[in-house]
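Residue strings, one per chain:
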Amino acid sequence: MARCVVVAIDGPAGAGKSTIARAVARRLGYVYIDTGAMYRAVALWALRNGIAPDDSHKLDELARHAKIEFTAGASTVVLNGEDVTAAIREPEVSDAASKASALPGVRRAMVDAQREMATGSSVVMEGRDIGTVVFPDAAVKIFLDANPDVRATRRVEELRGKGMEVGAETVAQEMADRDRRDRTRTEAPLVQAPDAIYVDTTGLTIEEVEEAVLKVIRGRVSNGKDVVR
Ligand code: DC
């Protein structure tokens, strides 16, 4: 019988999750889902409405009503019909998303939506809690990491590449704050699942990481004529 495969990729900011998850999904013909973009979309909606990102009552409601969609390949993120791809990458939204994502009600709404998105197709889903909470039975779990300096440098290059003027020290500090919050929150903190494969991307090229991850996937998922794409 045909089966849907879930590849869960978790790890801290700047570890290379988005780049790798997107590339691997393309190579395998699976659907790519960026769950961080979903928390960012909810946070953006809150900011625009003057709602504090830690106001759990209002945030829970926004999260339940947010209509978040990805176009093919997840190259654009659409919130309630509006393309918010660029807006959700602003540093202010990064900070608000980290706060909003600590709220249990927000997480419940997002996890439900993520499970729904993975019905009927094989997916590569990246985030912080995919292998631990969203899909604890995922066929493949990868934990991507890199040393903090390398992660901060990558994020600075990414933001500058998008035309944003950012200071390296500020980005490094904000990233460290965000990571601390993501790792120490009570609800679904960022941790490596016991059965996840740890991949340290420090000093590796994108191609090398992509190959390493594909090798893990191929070792776990037989070449897959029975896999739904
Ligand atoms: O991956 P990102 O930087 O776009 O994620 C934005 C924020 O959302 C980040 O601070 C952690 C949070 N997040 C989460 O708590 N759980 C996920 N599955 C994905 C992201």
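Residues numbered from 1 in each chain as written. Predicted model: local features only at pLDDT ≥ 70, side-chain atom pairs only at ≥ 80, totals over all residues. Heavy atoms only, no water.

### A look at the overall build of the chain
Next, step 1: A count of helical and extended segments in the chain gives 9 helices and 8 strands.
Next, step 2: Once the C-alpha set of the chain is aligned to its principal axes, its extents read approximately 50 × 40 × 30 Å.
Next, step 3: Classification of the 229 residues of the chain by burial places 49% in the buried group. (Helix = DSSP H or I, 4+ residues; strand = E, 2+ residues; numbered from the N terminus. Buried < 20%, exposed > 50% of the residue type's maximum accessible area, 1.4 Å probe, protein only.)

### Quick word on the site of the ligand
Next, step 1: The environment of the ligand is formed by 16 residues, the closest being Arg-40, Arg-107, Arg-128, Asp-129 and Arg-185.
Next, step 2: Between Arg-107 and the ligand, the recorded distance is 2.8 Å, taken from a side-chain N or O atom to an oxygen atom.
Next, step 3: Take Arg-178: an N or O atom from its side chain is 3.1 Å from an oxygen atom of the ligand.
Next, step 4: Out of a free accessible area of 450 Å², the ligand has 97% covered by protein chains.
Next, step 5: Broken down by secondary-structure element, the contributors of at least two residues to the shell around the ligand are helix H2 (35–48), helix H4 (91–100) and helix H8 (168–184).
Next, step 6: Here the element with the most residues in the shell around the ligand is H2; it accounts for 4 residues.
Next, step 7: Grouping the amino acids of the shell around the ligand by side-chain chemistry returns 3 nonpolar, 5 polar and 8 charged. (Near = heavy atom within 4 Å. Polar contact = N/O pair within 3.5 Å; in protein donor to acceptor, adjacent residues only side chain to side chain. Areas by Shrake-Rupley, 256 points an atom, 1.4 Å probe, with all protein chains shown as cover. Nonpolar A, V, L, I, M, F, W, Y, C, P; charged D, E, K, R; others polar.)

### Here we look at the sheet that holds strand E3 (residues 68–70)
Next, step 1: Spatial strand order, E3-E4-E5: 3 strands in an open sheet with antiparallel pairing. What marks the edges here is a single partner per strand, and that holds for E3 and strand E5 (82–83).
Next, step 2: Across 2 bridges, the pairing between strand E4 (residues 77–79) and E5 is antiparallel. Bridge assignment links Val-78 to a residue of E5, and that residue is Asp-83.
Next, step 3: With respect to the sheet, H2 is in contact with E3, E4 and E5, its orientation differing from that of E3 by roughly 135 degrees. (Pairing = 2+ DSSP bridges. Contact = heavy atoms within 4.5 Å. Axes fitted to C-alpha atoms, helices over the stretch in contact; angles between N-to-C directions.)

### A closer look at the packing of helix H3 (residues 56–65) against helix H5 (residues 104–117)
Next, step 1: Interaxial distance between H3 and H5 falls to 8 Å at its minimum, and their mutual angle equals 5 degrees. In terms of orientation, H3 and H5 fall into the roughly parallel class. The residues of H5 that touch H3, namely those facing Leu-59, Asp-60, Ala-63 and Arg-64, are Gly-105, Val-106, Ala-109 and Met-110.
Next, step 2: Tallied by class, residues from the contact of H3 with H5 come to 5 nonpolar, 1 polar and 2 charged. (Parallel < 35°, antiparallel > 145°, perpendicular 65-115°, else oblique.)

### A short note on the environment of Val-123
Next, step 1: Relative to the assigned elements, Val-123 resides in strand E6 (residues 123–127).
Next, step 2: Val-123 sits 46 residues away from Val-77 along the chain, and the two C-alpha atoms are 17 Å apart.
Next, step 3: Ignoring any residue separated from it by four or fewer positions in sequence, one finds Val-123 in contact with Val-5, Val-6, Val-7, Tyr-30, Val-31, Ile-33, Met-117 and Ala-118.

### Details of unusual backbone geometry
Next, step 1: Although it is not a glycine, Asn-80 adopts a positive phi angle of roughly 50 degrees.
Next, step 2: Note that Asn-80 resides in the loop between E4 and E5.

### Focus on the nonpolar core
Next, step 1: Membership of the largest hydrophobic core comes to 37 residues, with the highest contact counts inside it found for Leu-59, Ile-68, Met-110 and Phe-135.
Next, step 2: Residue assignment for this core shows that the elements contributing at least two residues are strand E1 (6–10), H2, H3, E4, H4, H5, E6 and helix H6 (130–134).
Next, step 3: Take this core: its biggest share by element is 8 residues, from H2.
Next, step 4: Leaving out residues up to four positions away in the same chain, Ile-68 has contacts with Met-38, Ala-41, Val-42, Val-77, Val-78, Leu-79, Met-110 and Met-117.
Next, step 5: Formed by 24 residues, the second largest nonpolar core is a distinct cluster that contains Val-24, Val-140, Leu-144 and Val-213. (Core = buried A, V, L, I, M, F, W, Y, C linked by side-chain atoms within 4.5 Å.)

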